[in-house]
Amino acid sequence: MTGVHSAGPGAARRIQYSVLIMTDAPHSPARTRVAPSPTGDPHVGTAYMALFDKAWARQTGGRFVLRIEDTDRNRLVPGSEEQIYETLDWLALGPDESPLLGGPYAPYKQSERLDSYRPYVDQLLADGHAYYCWCSQERLAALRKERADAHSPETGYDRLCLGMTKEERSKLPGFSETPVVRMRIPDDVELGFHDLIRGDVRAPRPDDQVILKADGFPTYHLAVVVDDHLMGIDTVVRGEEWISSTPKHLLLYKWLGWQAPQFAHMPLLRNTDKSKISKRKNPAARLMWFREQGYLPEALRNFLQLLAYPTIAEGEEMESFESFIQRFRWSDISTGGPVFDVTKLDWLNGQYIRSLDVGALADRVLEYAVASGQLTDPSEAAVARIRAGMPLVRERLTLLSEAVPKLSFLLVEDAGLAFDEDSVAKLKGDPAAILDAALATLEGLPEDGFDAETIQQALKSGVCEALGIKPRVGFAPIRVGVTGNRVSPPLFESMEILGRASCLARLRRFADQLAG
Ligand code: GLU
């Protein structure tokens, strides 16, 4: 019975609370956030976090916030912030509150919130939880080197400045006029915490973390805690690389007298060789890459959703975000380092492409082609051709980017069609005779009713049967003549779209070229 007594009412509340999480019972509206730093092309991990942030906010009827963490002024890359907005919107993972959208906790950019941090630093200094440190970069570097040379296991700051006034410290070597402020990590710092995904987690003992830099800017560790608190964030979703920082963050919450949020540390995404996915090694780590390549945002979103999360049922890979929101539970995320396998994404993208009707697919292809520069200011006729050709390529597409190149023969002038040399060289039999027979056959067909079925029947009898050759041999020169290549979308349907006059003109040119 002693156990029950000593647990007290606080513990009872804690137990209830953890039962709530474990059973994933209805939850009060959550406030989640993603907090990328605009230091380059947005990383795919940002979208990955946003997806789970947004799913949880939607499921609980809460709000999803985008905050820009731009206090590291040296690493800012122009344009990066806009790319974060664009790519999240593109994926339909846009926030409810952001620097662009505003919201009740504006501003949402750390560089515009600089005044909010200093009072908390002063409070921590006054309470003895933080102290000034005047050690120069040179001294800290020398300390690191000395320890490395001595193979010392010590890595943390040696607390030279702790308890000193500026005056006292200035008499010692390695002094810098502009101090930083460090946390004073207590000996009994709590290293364990509860993670929504991982359950009870233990992190290593932290160092006396710098919270205010010499330039007066807060470091990530202070800013993230202050902002998450002031913005009412109650669920922090972030990568597992932040687990080791969590004890520091929990200390700051405690010292400042604030209720800490819940933490969900997502698994790191890995390359197929299991290494950590990075922009340097893998183009797919760049969120913009997927758009450039011609992936559909819904396919990428679905793919990210399945990284570390089970499918709705065996073999049911395709799932809407709405359905995912309904069934999402933190406890179902697996922590095994999901592999970022682009071949799986390719497959999913093909599935999504084929799930669109041809009109919608043509819209997406055209939008892609113009945005990527595949087409510049296409004429109405060109647009009509792409639309007409879409049923011919739909079954064969993996990426949106493949459609226009496959249909480009429909867009060129008859006189401008180039006949691929390799395709010409590989023609079998007597291409000149085949083309003569094909021209005579097609000339005999009416302009009206020049449809795929009619063309195929006519060429079968007028070319293959008449010359006693196999369709594979007989149709090859016609295909090269009409499309420019021995590999093309279905031939007779392509000829129907081009029309009789255009087919005749192309085949005559090709026959002339072969004769010449
Ligand atoms: N600015 C941090 C990053 O870009 C955010 C980490 C967090 O979500 O707390 O990784």
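Residues numbered from 1 in each chain as written. Predicted model: local features only at pLDDT ≥ 70, side-chain atom pairs only at ≥ 80, totals over all residues. Heavy atoms only, no water.

A. Geometry of the packing of aromatic side chains. For the structure shown, the criterion picks out 23 aromatic pairs. Each ring, one from tyrosine 309 and one from phenylalanine 328, has its centre 5.6 Å from the other, and the planes form 40°; the classification is tilted. Of this pair, tyrosine 309 sits in the loop between helix 10 (297-306) and helix 11 (321-327) while phenylalanine 328 is found in the loop between helix 11 and helix 12 (342-355), placing the two residues 19 residues apart along the sequence. Here phenylalanine 328 falls in the buried class, since its relative accessible area comes to 1%. Of note, arginine 182 hangs over the ring of tyrosine 157, and the distance from its end group to the ring centre comes to 3.9 Å. (Phe/Tyr/Trp six-rings, centres within 6.5 Å; stacked < 30°, edge-to-face > 60°. Helix = DSSP H or I, 4+ residues; strand = E, 2+ residues; numbered from the N terminus. Buried < 20%, exposed > 50% of the residue type's maximum accessible area, 1.4 Å probe, protein only. Lys NZ or Arg CZ within 6 Å of the ring centre and 35° of its normal.)

B. Structural detail: the packing of helix 18 (residues 452-467) against helix 19 (residues 471-483). The contact between helix 18 and helix 19 brings their axes to 9 Å, and the two run at 105°. Classified by the interaxial angle, the pair formed by helix 18 and helix 19 is roughly perpendicular. Each of Leu459, Lys460, Val463 and Cys464 in helix 18 lies in contact with helix 19, whose residues at this interface are Pro471, Gly474, Phe475 and Ile478. In the contact of helix 18 with helix 19, the residues fall into six nonpolar, one polar and one charged. (Axes fitted to C-alpha atoms, helices over the stretch in contact; angles between N-to-C directions. Parallel < 35°, antiparallel > 145°, perpendicular 65-115°, else oblique. Contact = heavy atoms within 4.5 Å. Nonpolar A, V, L, I, M, F, W, Y, C, P; charged D, E, K, R; others polar.)

C. Up close: the pattern of salt bridges. Here the structure, examined in full by the defined rule, presents 33 salt bridges. With its nearest N and O atoms 2.3 Å apart, the salt bridge here joins arginine 286 to aspartate 41. On the criterion of sequence distance, the pair formed by arginine 286 in the loop between strand 9 (262-266) and helix 9 (287-293) and aspartate 41 in the loop between strand 1 (31-34) and helix 2 (44-59) is long-range, its members being 245 residues apart. A residue is classified by how much of its surface remains accessible, and arginine 286, at 22% relative accessible area, is partly exposed. Residue classification places aspartate 41 among the partly exposed positions, given a relative accessible area of 22%. The salt bridge partner of aspartate 70 is arginine 73, with a shortest N-O separation of 3.7 Å. Residue class for arginine 73 comes out partly exposed when judged on its relative accessible area of 40%. Each member of the salt-bridge network shares a partner with another, and the members are Arg33, Arg67, Glu69, Arg113, Asp227 and Asp228. (Salt bridge = Lys/Arg side-chain N within 4 Å of Asp/Glu carboxyl O.)

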